[in-house]
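# Chain and residue survey
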Amino acid sequence: MAIGLDVPMPPEPDESEAYDYEKCPFYGSLSVRGQTLEGKVVSTDMAKTVIVEREYDVFVPKYDRYMKRRSRIPAHVPGVLDHVAVGDEVKIAETRPLSKTKSHVVVEIIGGDE
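Remember, it's a predicted structure, so these values are computed and weren't measured experimentally. (Residues numbered from 1 in each chain as written. Predicted model: local features only at pLDDT ≥ 70, side-chain atom pairs only at ≥ 80, totals over all residues. Heavy atoms only, no water.)

### Re the environment of glycine 28
Checked against the element boundaries, glycine 28 lands in the segment before strand S1 (32–43). The partly exposed category is assigned to glycine 28, whose relative accessible area is 31%. With 27 residues separating them in the primary sequence, glycine 28 and glutamate 55 have C-alpha atoms 31 Å apart. (Helix = DSSP H or I, 4+ residues; strand = E, 2+ residues; numbered from the N terminus. Buried < 20%, exposed > 50% of the residue type's maximum accessible area, 1.4 Å probe, protein only.)

Rendered as structure tokens:
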């Protein structure tokens, strides 16, 4: 619980001199604040970035029913969690903007592809 969330602490990085501590919430100076979301990893094509897709329901008053929506959120993967694969359920936390599109960081791998 070193980052203020109830997530397990990953092991320390092996190469400490080549590790990017600036963008790591566990061993670096990146603070997490705001929302924490859960979703499924749908893409790992970019370096140190995954696309997390979450599905949620929205109520439509006209039809008195719920409609499914989904959003795709780019999230940074710290070096200690670089074994994230497509299909994994992950928990992401909001942080300061890390690039033009990334404002979230992966903080926990909940489960694999079932």
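### Some remarks on the environment of aspartate 14
In this fold, aspartate 14 is placed in the segment before S1. Since its relative accessible area comes to 73%, aspartate 14 is described here as exposed. Distance from aspartate 14 to valine 80, taken between C-alpha atoms, is 8.9 Å for residues 66 residues apart in sequence.

### Quick look at the environment of lysine 23
When you line up the elements, lysine 23 lands in the segment before S1. As for lysine 23 and valine 105, which are separated by 82 residues in sequence, their C-alpha atoms are 8.7 Å apart. Every residue in contact with lysine 23, bar those within four places of it in the chain, is listed here: Leu30, His76, Pro78 and Leu98. (Contact = heavy atoms within 4.5 Å.)

### Examining the side chain of serine 43
Within the fold, serine 43 resides in strand S1. Here serine 43 falls in the buried class, since its relative accessible area comes to 15%. At a separation of 3.5 Å, a polar atom in the side chain of serine 43 contacts the main-chain amide nitrogen of aspartate 45. Sequence-distant contacts of serine 43, that is, excluding residues within four places in its chain, are made with Thr49, Val50, Ile51 and Val86. (Polar contact = N/O pair within 3.5 Å; in protein donor to acceptor, adjacent residues only side chain to side chain.)

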